[in-house]
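# Remarks on the overall topology
Given next are the chains, with one letter for each unit.
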Amino acid sequence: MVSPAALAGTLTELAWVGAHAVLYPLGARAERLRPDPGYRPGVQPPAVRALFAGDPLAARVPVVLVHGLVDNRSVFSVMRRGLRRRGFTQVCSWNYSPLLRDVETAAAALGRHLERVCQDSGHERVHVVGHSLGGLVARYLVQRLGGDARVDTLVTLGTPHGGSRWAHVLPTPLVRQLRPGSPLIQELAAPAPGCRTRVTAVYSDLDQMVVPSVSGRCDHPDLVVRNVLVRGVGHMSLPIHRSVLDEVATTLATPRTAVDEQLPAA
């Protein structure tokens, strides 16, 4: 029997896939980081002030959104607007080529983009939210290429940290990297001592692309990781779901010391 939550999640997924297909052409253009012109210190709504009560300056830390495979920034159309409404003043998306051949190349390109964001914004560190493959690209950057010097917080949404069985369907070089036990997955499982980026992995029991769904967890002894399970949310719906957006906003607004205190001792 199909549960009501699973049925509702599936219908939402189908509706969003249709809407996303319409928005997709609009997301092909690159986006530059622009501060929110509507931001006025001291005159924010009570909900926004409560979100940043622990660290009011967290609202100004740039947030970079990284899409998944064969996608573009249009998948974040709802999340980008939602984060701005919640008080984040500098939110932008990063597009990479749909002809990408490997995760390592994309991670290096993302690193260069974050350097430009830091230079343009005047901030030394940024937050990154990655959907699907975008989360794996960002994780490779912080673990293997020294990107933890720039990325304060990484939130992944439906990212195949443990690979996905669907990756056996297509034999392309990039998709082969997403197979469970691939050299890339093994490299990310290697020791990463001293990695400074805190990681939150949001995964769903209704994710149609990350199979098994537990592969959406990020379990690594050297990383400061928190895994969050959401139920009844499809793969493409993760960036638009209200509870996921609330989780992302709360994670990015929480001071690092508070997060460290919430995590169990190793």
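Residues numbered from 1 in each chain as written. Predicted model: local features only at pLDDT ≥ 70, side-chain atom pairs only at ≥ 80, totals over all residues. Heavy atoms only, no water.

### Topic: the overall build of the protein
Tallying secondary structure elements over the protein gives nine helices and six strands in all. Sorting the 266 residues of the protein into buried and exposed places 51% on the buried side. Entry remark: accessible area of the protein is about 12,500 Å², with carbon and sulfur atoms responsible for 60%. (Helix = DSSP H or I, 4+ residues; strand = E, 2+ residues; numbered from the N terminus. Buried < 20%, exposed > 50% of the residue type's maximum accessible area, 1.4 Å probe, protein only. Areas by Shrake-Rupley, 256 points an atom, 1.4 Å probe, with all protein chains shown as cover.)

### Quick word on the sheet that holds strand β4 (residues 151–157)
Two pairing modes exist for strands in a sheet, parallel and antiparallel, and in both the strands are linked by backbone hydrogen bonds. Spatially, β2-β1-β3-β4-β5-β6 is the arrangement adopted by the six strands of the open sheet, whose pairing is parallel. Unpaired on one side and paired on the other, β2 (91–94) and β6 (224–230) mark the two borders of the sheet. The mean inter-strand angle of the sheet, taken between neighbouring strand axes irrespective of direction, is 20°. With four bridges joining them, strand β1 (residues 63–66) and β2 adopt parallel strand pairing. Within β2, the position partnered with V66 by the bridge is W94. (Pairing = 2+ DSSP bridges. Axes fitted to C-alpha atoms, helices over the stretch in contact; angles between N-to-C directions.)

### Comments concerning the pattern of salt bridges
With the rule as written, the count across this model stands at 10 salt bridges. For the salt bridge of D246 with R86, the shortest nitrogen-to-oxygen distance reads 2.7 Å. Of this pair, D246 sits in helix α8 (residues 242–253) while R86 sits in the loop between α3 (77–85) and β2; the two residues are 160 residues apart in sequence, bridging distant segments of the chain. Residue classification places D246 among the partly exposed residues on the basis of a relative accessible area of 31%. A salt bridge links R242 to D246, with the nearest nitrogen and oxygen atoms 3.7 Å apart. Of the two residues, R242 and D246 are both situated in helix α8; the distance of four residues between them amounts to about one turn of the helix. (Salt bridge = Lys/Arg side-chain N within 4 Å of Asp/Glu carboxyl O.)

### Here we look at the packing of α3 against α8
Each pair of packed helices can be described by the angle between their axes along with the distance between the axes. Packing of α3 against α8 leaves a shortest axis separation of 10 Å and a crossing angle of 50°. Between α3 and α8, the crossing angle belongs to the class labelled oblique. The two elements α3 and α8 cross, and the hand of that crossing is right-handed. Note on element contacts: α8 touches α3 through L245, V248 and A249, opposite M79, G82 and L83. The class makeup of the residues in the contact of α3 with α8 is five nonpolar, one polar and no charged. (Parallel < 35°, antiparallel > 145°, perpendicular 65-115°, else oblique. Left-handed = near helix turned anticlockwise from the far one by under 90°. Contact = heavy atoms within 4.5 Å. Nonpolar A, V, L, I, M, F, W, Y, C, P; charged D, E, K, R; others polar.)

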